[in-house]
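Notes for the structure review
Each chain, written out:
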Amino acid sequence: MNETSSTRLNKYLASAGICSRRKADELILAGLVKVNNKTITDLGYKVEVNDTVHYKNELVKPVTQLQYLLFNKPKDCITTLNDEKGRKTVFDFIKKYTNNRLVPVGRLDRNTTGLLLFTNDGELHHQLSHPTFEIQKIYKVKLDKNVTENDFK
């Protein structure tokens, strides 16, 4: 957000790395977002430069420096922020590299290894993740057995 512009609240939240724009709409409608200490439920609300935004009573700061991190996810690691079963998560690994709130672009299953992109760039995350942009994903799979006709069905 530059010094003379305003931006929609959902975009502001997404750009701050809180969530996607769609999820931000849900948070706004649920009354979880305040601007200048006033709960906002209007999806068209625009945030001005000097406004203060809070989500669940935590100050939301706009991202001032975009960050991108590539992480080779090991096996037995969960692509989630917290795991209720106490298993190791990707965030256990990446937290030592950044103080910013980064989110993964996509996810890999627990037993799957591979490269994950993490970012606080809400726009890039949206463009790579949302189905309307039709970003093609390619997976290389290595199995420990031959694939049968039944497997394909």
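Placed above this text is the structure.
First things first, this report covers the structure right here in the doc. Residue numbering note: each chain is counted from 1, following its sequence as written. Reporting of local features is limited, given that this is a predicted model, to residues whose pLDDT is at least 70; pairs of side-chain atoms are given and counted only at 80 or more, and all residues count toward the totals for whole chains, interfaces and linings. Side-chain metrics rest on all non-hydrogen atoms present in the structure, leaving aside hydrogens and water.

1. Focus: the pattern of salt bridges
- Any carboxyl oxygen of Asp or Glu within 4 Å of a side-chain nitrogen of Lys or Arg constitutes a salt bridge here. Per the counting criterion, the structure on display carries 5 salt bridges.
- For Glu-26, the salt bridge goes to Lys-23, with nearest N and O atoms at 3.5 Å. Taken together, the positions of Glu-26 and Lys-23, both in helix α2 (residues 21–29) and 3 residues apart, correspond to about one turn of that helix.
- Notably, a salt bridge pairs Asp-76 with Arg-110, separated by 2.9 Å at the nearest N-O pair. Of this pair, Asp-76 sits in the loop between β7 (68–73) and α3 (90–94) while Arg-110 sits in the loop between β8 (103–105) and β9 (114–119), and the two are 34 residues apart along the sequence.
- Any residue under 20% of the maximum accessible area for its type is buried, any over 50% is exposed, and the rest in between are partly exposed; the area is computed with a 1.4 Å probe on protein chains only. You can call Asp-76 partly exposed: its relative accessible area is 42%. Numbering of helices and strands starts at the N terminus; helices are DSSP runs of H or I of at least 4 residues and strands are runs of E of at least 2.

2. Observations regarding the nonpolar core
- Core analysis: the largest hydrophobic core is formed by 16 residues, its most contacted members being Leu-9, Leu-13, Ile-18, Val-33, Val-53 and Val-60.
- Listed by contribution, the elements that provide at least two residues to this core are α1 (9–15), α2, β2 (33–35) and β5 (53–55).
- Any pair of residues with heavy atoms lying within 4.5 Å of one another is described as a contacting pair. Those residues in contact with Leu-9 that lie beyond four places of it in its chain are Ile-28, Val-33, Val-35, Ile-40, Tyr-45, Val-47 and Val-53. Here the nonpolar core consists of buried residues drawn from Ala, Val, Leu, Ile, Met, Phe, Trp, Tyr and Cys, with membership extended through side-chain atoms lying within 4.5 Å.

3. Re the sheet that holds strand β6 (residues 58–60)
- Think of it this way: DSSP has to see at least two bridges between two strands before they count as a pair. A sheet is described by the order of its strands in space; here 4 strands give the open sequence β3-β2-β5-β6, paired in antiparallel fashion. In the strand order of this sheet, the two ends are held by β3 (38–39) and β6, each with one partner.

4. Concerning the pairing of β9
- Where β7 meets β9, 6 bridges bridge the pair, whose relative direction is antiparallel. Bridge pairing in β9 links Leu-70 to Leu-117.
- Relative to β9, β8 runs antiparallel, the two sharing 3 bridges. Bridging across to β9, Val-105 finds its partner in Leu-117.

5. Section: the sheet that holds β8
- Pairing is antiparallel in the open sheet, where 3 strands are placed in the order β7-β9-β8. Here the strands that pair on one side only, and so sit at the sheet edges, are β7 and β8. Averaged over all pairs of adjacent strands, the angle between their axes in this sheet comes to 40°, without regard to strand direction.
- Helix axes are fitted to C-alpha atoms over the stretch in contact, other axes to C-alpha atoms as well, and angles between N-to-C directions run from 0 to 180 degrees. Helix-sheet contacts for helix α4 (residues 122–129) involve β7, β8 and β9, and the interaxial angle to β8 is about 35°.

6. Comments concerning a nonpolar patch on the surface
- Candidate patch residues must exceed 30% relative accessible area and have no salt bridge, after which like charges are joined if within 9 Å and Val, Leu, Ile, Met, Phe, Trp or Tyr side chains if within 5 Å. Values of accessible area rely on a 1.4 Å probe in the Shrake-Rupley scheme; residue burial ignores everything except the protein chains shown. The grouping of Tyr-139, Val-141, Leu-143, Val-147 and Phe-152 at the surface amounts to a nonpolar patch, some 590 Å² of accessible area in total.
- When you line up the elements, Val-147 lands in the loop between α4 and α5 (149–152).

7. So, the side chain of Thr-79
- Structurally, Thr-79 can be placed in the loop between β7 and α3.
- A distance of 3.0 Å separates the side chain of Thr-79 from the backbone oxygen of Leu-108, its partner in a polar contact.
- Setting aside anything within four residues of it in sequence, one finds Thr-79 in contact with Lys-73, Val-90, Pro-104, Gly-106, Arg-107, Leu-108 and Leu-116. Pairs of N or O atoms within 3.5 Å make up the polar contacts considered here, provided that, within protein, one atom can donate a hydrogen while the other can accept it, and that residues adjacent in sequence are counted only when both atoms are side-chain atoms.

Keep in mind these values describe shape, not function.
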